[in-house]
Amino acid sequence: MNESHDYAPDTQAVHAGIDHYEFGPVVPPIYQVSTFAFEHADHGAALFANRQPGYIYSRMGNPTVEALEKSIATLEGGYAALACASGMAAIHTALSAFLQAGDHIVCGDALYGPTCTLVETVFAKYGVESTFVDTDDLDAVRAALRPNTKVVYVETPGNPTLVLTDLEAITKLAHEHGAVVICDNTFMSPVLQQPFRYGVDVVVHSLTKALNGHADVIGGAVVVRDEAHYRPMRKILNHLGGVLPPFESFLVHRGIKTLPLRIERQCTNGLQVAEFLELCPAVAWVRYPYLPSHPQYELARRQMRGGGPVISFELRGGIEAGKNMMSHVRLCALAVSLGGVESLIQHPASMTHASMGADARQRAHITDGLVRLSVGIENVQDVINDLKLALSHVTRLAPDVTCEECRRNPAISHQARSNGCQHAV
Ligand code: LCS
């Protein structure tokens, strides 16, 4: 579908999707239009009948949006991409293309919270059954598959636990059962992981994250591996209507040019920050795919070209310690989202995964004390210094069972006392 597939990924990031436009601009102009005039009635009829290439109406196609779509399809090594209004719009579109009443979907239990909610509320309302399993456990996936299972949906690494799924193994299993595999590749981006290499059928992205990278766009994409899935998927998107507007497409396409550079820096920073956190007494454990302590380190090295920007960690002292730390960062923003140039820190149980409910979070091993950090492209020492300072507030609450003051002072809650106390500074 485009000509850049012969180049290396970092070259593709700069050039893929760029076409020849009137007056020779080197980037796609922003076609900020809703509709395109036909030359005559037969021309309009030919476009509608798909007998001739061209543009009709921007919900159905727009040159600026198409340039972005070609770029994403090239980077993923897919047949084509569809730019959507958000990551959730992309997931809704992709699931709608394969599911109908009476069907069943198997989902990983570690997914972005609203993805679980979409399946368990909207698709359930339409008569689609679902089973959530640990997709790291192939036996559990095999046991969950039913004759009416049409889709196996995974996110790897999972948000926010960073549990990995073996894409090659799960795809083989799903295909044996006649189900398609949809993989959310938001955390890795095509720079670090290309699910089509492992036979995955459809990739979805939140473009809001690393692909745009600058915290100024909400967007999503569906990427299809085969031509057979392209037309039906485009039709669904056209009818659901969640398309990405031209200006947002322009911004994401601009962001993609620096994606490999940004990701490289985020991987270097991410590993250094993860190593730092692992040595902090206030931190109970750290999850980062490229840390040898990650339970699936071997798989990470095989399937991914780097650890990515996201680190999860558990503070000793649970939720109170987490809140305390997050309230004391200065450089890292206390904000949701991830994968951008700036470091962001957040608390999944009360923020991104609150909509899942406590039971679903427990099933997905999202503990109340889990903190998620997305490392940006800043100087890594500045990020580490910021975390060090914030953690020093937690350390002040480190367990001190010998503190007389604590024992005497009834104003300190049991929770605070079990976390330690403020008198032990
Ligand atoms: N997929 C993943 C893996 C995500 O992390 C998100 C958003 C989405 C899909 C949905 O994308 P959106 O519609 O927001 O473009 N994740 C968020 C997060 O972890 N914090 O804030 C949003």
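For the structure given in this document, a descriptive report is provided here.

Rules used in this analysis
- The residue count restarts for each chain, going from 1 along the sequence in the order it is written.
- At least 70 in pLDDT is required for a residue's local features to be given in this predicted model, at least 80 for side-chain atom pairs to be given and counted, and no such filter applies to totals for whole chains, interfaces and linings, which use all residues.
- Note: side-chain values were computed over all heavy atoms of the structure, leaving out hydrogens and water.
- Put simply, a residue is near a molecule or strand once any heavy atom of it comes within 4 Å of that molecule or strand.
- N or O atoms closer than or at 3.5 Å make up a polar contact, with two conditions inside protein: a donor-capable atom paired with an acceptor-capable one, and, for residues adjacent in sequence, both atoms drawn from side chains.
- Note that accessible areas follow from Shrake-Rupley with a 1.4 Å probe, and for residues the cover is restricted to the protein chains shown.
- A cavity here means a set of points on a 1 Å grid, drawn over the protein atoms and nothing else, where a 1.4 Å probe fits but cannot get out; a pocket is an open set with protein on both sides within 12 Å along at least five of seven lines, and a residue lines either one if it has an atom within 4 Å of a point.
- Cavities and pockets are treated as containing a molecule whenever more than half of the molecule's atoms lie within 2 Å of their grid points.
- Each helix is a run of H or I in the DSSP string that is no shorter than four residues. Each strand is a run of E no shorter than two, and both are numbered from the N terminus.
- Three residue categories are used. Nonpolar comprises Ala, Val, Leu, Ile, Met, Phe, Trp, Tyr, Cys and Pro, charged comprises Asp, Glu, Lys and Arg, and polar comprises the others, including Gly.
- All domain edges in this entry derive from an automatic or database-based domain assignment.
- Grid points are joined across faces, edges and corners, and a volume is the space filled by probe spheres set on the points.

For the rest of this paragraph, the subject is the site of the ligand. In the vicinity of the ligand lie 19 residues, with Asp184, Ser206, Thr208, Lys209 and Arg372 positioned nearest. One nitrogen or oxygen atom from the side chain of lysine 209 is found 3.0 Å from a nitrogen atom belonging to the ligand. Summarising the interface, the protein chains cover 93% of the accessible area of the ligand, which totals 480 Å² for the free molecule. The site holding the ligand turns out to be the second largest pocket. For the shell around the ligand, the element with the most residues is helix 4 (residues 87–98), which contributes three residues. The residue makeup of the shell around the ligand, split by class, is six nonpolar, nine polar and four charged. If you count residues domain by domain, the shell around the ligand takes at least three from each of domain 1 (9–30 + 61–256) and domain 2 (259–419).

Quick look at the layout of surface pockets now. Here the largest pocket is characterised by a volume of approximately 840 Å³. Considering the residues around the largest pocket, the lining is formed by 34 residues, among which Asn50, Met60, Tyr230, Arg231 and Arg234 are closest to the centre. Going through the elements one at a time, helix 2 (41–48), helix 3 (63–76), strand 1 (80–84) and helix 9 (227–240) are the ones with two or more residues in the lining of the largest pocket. Counting residues per element, the lining of the largest pocket draws most heavily on helix 9, which supplies seven residues. Quantified by volume, the second largest pocket comes out at close to 360 Å³.

By themselves, these figures tell us nothing about what the structure is for.
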